[in-house]
Amino acid sequence: MVAQTAGSEPTAAADSTGNALTDQQLALLRKDIRSIKKQLIATNLTLTDTEATKFWPVYEQYSADFGKINEARTIIIKEYSDGYGTLTDDQADGLIRRWLDTDISAAQLRQKYVPIMRKVLSGKKAATFFQLDRRISMMIDVQLTSQLPLVQSQD
């Protein structure tokens, strides 16, 4: 929420949409998403104790690497939120290109981690992990992007 005192204007975090996310809100959202994602994977990926001992450290590194991509997405969303209502065509073009670059980076990261996961999990379990990871990521993307107003709506 945007902090304000009686009779004062909202802080700079608010934009013309009235729904701008503060840096603190974004940080909490990312933390919650990481926690929920890990819980969903733990619930749906059946691991032996031996597999779990090997898998979770690899997952934590994967999650940290994926966090860098998500940080780039967060920056893009924040820029979009801050500029909403005043975006030029070039700015809108730049934002969507950068967003698509994060999609490419995410796919490349998954490809990089397939052989790494295969060292600690069977082929079926590694494939199951990536299915879960992709499904969860897609659900998060749908939820997040459905909350953003369309660029064209700013006109």
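Above this text sits the structure in question.
Since this is a predicted model, take the numbers as computed values, not measurements.

**Side note on the overall build of the protein chain**
Here comes step 1: Counting secondary structure elements, the protein chain contains four helices and zero strands.
Here comes step 2: The proportion of buried residues among the 155 residues of the protein chain is 30%.
Here comes step 3: Across the protein chain, every contact between residues at least 6 apart in sequence was considered, and the portion connecting residues at least 24 apart equals 71%.
Here comes step 4: By element, 57% of the accessible surface of the protein chain is carried by carbon and sulfur atoms, the whole surface being about 10100 Å².

**Digging into the packing of helix α2 (residues 49-83) against helix α3 (residues 89-118)**
Helix packing geometry: the angle between the two helix axes and the distance between the axes.
Here comes step 1: Across the interface, α2 lies against α3 with an axial gap of 10 Å and an inter-helix angle of 175°. The angle between the axes of α2 and α3 places the two elements in the roughly antiparallel class.
Here comes step 2: Of the residues assigned to the contact of α2 with α3, the class counts are 18 nonpolar, three polar and seven charged.

**Regarding helix α4 (residues 123-146)**
Here comes step 1: For α4, spanning 24 residues, the distance from its first C-alpha to its last is 34 Å, which sits close to the expected 34 Å at 1.5 Å a residue.
Here comes step 2: Taken as a whole, α4 has its buried residues at A126, F129, F130, L132, D133, I136 and S137.

**What about the packing of α2 against α4?**
Here comes step 1: Viewed as axis vectors pointing N to C, α2 and α4 meet at an angle of 25°, and their least axial separation amounts to 13 Å. Classified by the angle between their axes, α2 and α4 sit roughly parallel to one another. You can see that α2 and α4 cross each other, and the crossing is right-handed. Packed against α2, whose contacting residues are E51, F55, Y59, Y62, F66, R73 and I77, the element α4 presents K125, F129, F130, D133, S137, D141 and L144 at the interface.
Here comes step 2: Residues of the contact of α2 with α4, tallied by class, amount to eight nonpolar, one polar and five charged.

**Points about the packing of aromatic side chains**
Here comes step 1: Per the stated rule, a full pass over the model turns up eleven aromatic pairs.
Here comes step 2: Between Y62 and F66, the aromatic rings sit 5.7 Å apart at their centres with planes inclined by 50°, giving tilted as the arrangement. Residue Y62 and its partner F66 are both found in helix α2; the two are separated by four residues, about one turn of the helix.
Here comes step 3: Both rings, one in Y62 and one in F129, keep their centres 5.5 Å apart while their planes meet at 80°; by these two values the pair is edge-to-face. Of this pair, Y62 sits in helix α2 while F129 sits in helix α4, placing them 67 residues apart in sequence. Neither residue differs from the other here; Y62 and F129 are each classed as buried.
Here comes step 4: Pairwise contacts between aromatic rings join F55, W56, Y59, Y62, F66, Y113, F129 and F130 into one cluster.
Here comes step 5: Here the guanidinium or amino end of R73 rests over the ring plane of W99, the centre of that ring lying 5.4 Å away.

**Side note on the pattern of salt bridges**
Here comes step 1: All chains considered together, the criterion is met by ten salt bridges.
Here comes step 2: The shortest N-O distance in the salt bridge between D141 and R73 comes to 3.7 Å. You can see D141 sitting in helix α4 and its partner R73 sitting in helix α2, a full 68 residues away along the chain.
Here comes step 3: Where R98 meets E79, a salt bridge forms, and the shortest distance between an N and an O atom there is 2.8 Å. Of this pair, R98 sits in helix α3 while E79 sits in helix α2; the two residues are 19 residues apart in sequence, bridging distant segments of the chain.

About the thresholds
- The numbers attached to residues start from 1 for each chain and follow its sequence in the written order.
- Two thresholds apply to this predicted model, a pLDDT of at least 70 for residue-level local features and 80 or more for giving and counting side-chain atom pairs, whereas whole-chain, interface and lining totals are computed over all residues.
- Excluded from the side-chain calculation are hydrogens and water; included are all heavy atoms of the structure.
- Numbering of helices and strands runs from the N terminus; a helix is a DSSP stretch of H or I covering at least four residues, while a strand is a stretch of E covering at least two.
- Each residue gets one of three labels from its accessible area relative to the maximum for its type: buried under 20%, exposed over 50%, partly exposed in between, using a 1.4 Å probe on protein chains only.
- Residue contacts follow a heavy-atom distance rule, with two residues in contact if any of their heavy atoms lie within 4.5 Å.
- Note on areas: Shrake-Rupley with a 1.4 Å probe; residue coverage comes only from the protein chains shown.
- All axes are obtained by fitting lines to C-alpha atoms, using only the stretch in contact for helices, and the reported angles, taken between N-to-C directions, cover 0 to 180 degrees.
- Oblique is the label for every angle not falling under 35 degrees (roughly parallel), over 145 degrees (roughly antiparallel), or within 65 to 115 degrees (roughly perpendicular).
- Gly is put with the polar residues, along with every residue not named as nonpolar or charged; the nonpolar set is Ala, Val, Leu, Ile, Met, Phe, Trp, Tyr, Cys and Pro, and the charged set is Asp, Glu, Lys and Arg.
- Helix span, expected: 1.5 Å multiplied by one less than the number of residues in the helix.
- Handedness of each helix crossing follows the sense of rotation of the near helix against the far helix: counterclockwise by less than a right angle gives left-handed, clockwise gives right-handed.
- What counts as a ring pair is set by centres within 6.5 Å for rings of Phe, Tyr and Trp (its six-membered ring), and what kind of pair is set by the plane angle: stacked under 30 degrees, edge-to-face over 60, tilted for all other angles.
- By definition, being over a ring means that NZ of Lys or CZ of Arg is both within 6 Å of the ring centre and within 35 degrees of the ring normal.
- When a carboxyl oxygen of Asp or Glu is within 4 Å of a side-chain nitrogen of Lys or Arg, the pair counts as a salt bridge.

Treat this as a map of the structure, not an account of what it does.
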